[in-house]
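Single-letter residue listing:
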Amino acid sequence: MAVENAEEIYNSALKAMKTSYRPEVFRNDAKQFESISGYKDAKQLALLCHEQEKEAGLAEIYRRAKDAMVTKNIASYERAIEGFEKVGDWKDAKEQIEVCRSAIEEFKRKEEKERLDELRREREAEKEPLYWIQRRKKNLRTVVRTLAVTAGVLLAGVILLMVLADRGRQARYARAYAEGTGALEKGDYEIAYPLLRE
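Please read these numbers as outputs of a predicted model, since none were measured by experiment. (Residues numbered from 1 in each chain as written. Predicted model: local features only at pLDDT ≥ 70, side-chain atom pairs only at ≥ 80, totals over all residues. Heavy atoms only, no water.)

A few points about helix α3 (residues 42–70)
Thinking step 1. Over its 29 residues, α3 runs 41 Å from end to end, which matches the ideal 42 Å to within 8%, given 1.5 Å per residue.
Thinking step 2. Where α3 terminates, the next one or two residues include lysine 72, which has phi positive at roughly 60°. (Helix = DSSP H or I, 4+ residues; strand = E, 2+ residues; numbered from the N terminus. Expected span 1.5 Å × (residues − 1).)

Some words on the packing of α3 against helix α4 (residues 74–87)
Thinking step 1. Contact geometry for α3 and α4: axes closest at 8 Å, N-to-C directions at 160°. Classified by the angle their axes make, α3 and α4 are roughly antiparallel. The hand of the α3/α4 crossing is left-handed. For the pair formed by α3 and α4, the contact residues are Leu58, Ile61, Tyr62, Ala65, Lys66, Ala68 and Met69 on the first element and Ser76, Tyr77, Arg79, Ala80, Gly83, Phe84, Lys86 and Val87 on the second.
Thinking step 2. Taken together, the residues of the contact of α3 with α4 break down into 10 nonpolar, 2 polar and 3 charged. (Axes fitted to C-alpha atoms, helices over the stretch in contact; angles between N-to-C directions. Parallel < 35°, antiparallel > 145°, perpendicular 65-115°, else oblique. Left-handed = near helix turned anticlockwise from the far one by under 90°. Contact = heavy atoms within 4.5 Å. Nonpolar A, V, L, I, M, F, W, Y, C, P; charged D, E, K, R; others polar.)

Quick word on helix α1 (residues 3–19)
Thinking step 1. For α1, built from 17 residues, the straight-helix expectation of 24 Å at 1.5 Å per residue is met to within 8% by its first-to-last C-alpha distance of 24 Å.
Thinking step 2. Within α1, burial applies to Ala6, Ile9, Tyr10, Ala13, Leu14 and Met17. Down the axis of α1, the buried side of the element spans an arc of 125°, and every buried residue falls inside it. Looking at α1, the residues exposed on the side facing more than 90 degrees away from the buried face are Glu4, Glu8, Lys15, Lys18 and Thr19.
Thinking step 3. Turning to α1, the residues buried within the fold contact α2 (23–35) and α3. (Buried < 20%, exposed > 50% of the residue type's maximum accessible area, 1.4 Å probe, protein only. Arc of directions from axis to C-beta.)

Focus: the pattern of salt bridges
For side chains of opposite charge, pairing can occur when their charged atoms come near one another.
Thinking step 1. Applying the stated criterion across every chain yields a total of 12 salt bridges.
Thinking step 2. For arginine 27, the salt bridge is made with glutamate 53, and the minimal N-O distance between the two is 2.7 Å. Of this pair, arginine 27 sits in helix α2 while glutamate 53 sits in helix α3, and the two are 26 residues apart along the sequence.
Thinking step 3. Classification of arginine 27 by relative accessible area gives partly exposed; the value is 36%.
Thinking step 4. Taking the relative accessible area as the measure of exposure, glutamate 53 reaches 17% and is therefore buried.
Thinking step 5. Measuring nitrogen to oxygen at the nearest pair gives 3.1 Å for the salt bridge that ties arginine 63 to aspartate 67. Of this pair, arginine 63 and aspartate 67 are both found in helix α3, 4 residues apart, which corresponds to roughly one turn of the helix.
Thinking step 6. Linked through salt bridges whose partners overlap, the residues forming this network are Glu85, Glu98 and Arg101. (Salt bridge = Lys/Arg side-chain N within 4 Å of Asp/Glu carboxyl O.)

Observations concerning the packing of aromatic side chains
Here the distance between the centres and the angle between the planes together describe a pair of aromatic rings.
Thinking step 1. Evaluated as defined, the whole model comprises 5 aromatic pairs.
Thinking step 2. The interplanar angle of 70° and the centroid separation of 5.7 Å between the aromatic rings of tyrosine 10 and tyrosine 39 together place this pair among those described as edge-to-face. Here tyrosine 10 is found in helix α1, whereas its partner tyrosine 39 is found in the loop between α2 and α3, with 29 residues between them in sequence. A single burial state applies to tyrosine 10 and to tyrosine 39, both of which are buried.
Thinking step 3. Between tyrosine 62 and phenylalanine 84 the ring centres are 5.4 Å apart and the planes differ by 65°, which places this aromatic pair in the edge-to-face class. Pair noted here: tyrosine 62 is in helix α3 and phenylalanine 84 is in helix α4, with a separation of 22 residues, a long-range link. An identical accessibility class is assigned to tyrosine 62 and phenylalanine 84; each is buried.
Thinking step 4. Taken together, the ring pairs in this structure connect Tyr10, Phe33 and Tyr39 into an aromatic cluster. (Phe/Tyr/Trp six-rings, centres within 6.5 Å; stacked < 30°, edge-to-face > 60°.)

A short note on a nonpolar patch on the surface
Thinking step 1. Together, Leu155, Ile159 and Val163 line one region of the surface with nonpolar side chains, adding up to about 260 Å² of accessible area.
Thinking step 2. Summarising the element assignment, valine 163 is placed in helix α6 (residues 129–186). (Patch = residues over 30% accessible without salt bridge, like charges linked within 9 Å, V, L, I, M, F, W, Y side chains within 5 Å. Areas by Shrake-Rupley, 256 points an atom, 1.4 Å probe, with all protein chains shown as cover.)

Written out as structure tokens, the structure is:
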């Protein structure tokens, strides 16, 4: 390999390595350094790129896990835990897993408390006669609304059928008138009279 070509590959890979933070770029840089492993310190730089590729991969997984925590719901915290578990002991991943687990437990406690509160309110309401009156009124309103919507749909259907029937009748009259005037112009009064009478 020509020294100029090796120098060009070396400089290109070195520049990319210094400005990159993505694993795939470090992987590509390592391949370029390995292709010129006998040139300068390319072999050591290839090893360094592999280490930085691993580090960048961990950083990307860690960042996604931290981003998932922002949403603040059980599913997002579970996704964050999965990400932190993938990076193992990297940075404060273990502590972040505990933060997520605590948040999930807090969400579950709140959900359970809300469920129990709602159940208690329903039981108290069932004991009161007013509850049953309100429930009947609500059911009656639902039935009335359903009937009103059904009547509206039926009325619209009847009107549509009447409009379509009227259009068909108008089309027949127009056709009969055209045939009648044609027969009249030909002087065939016996055919024209019944057609124009309609």
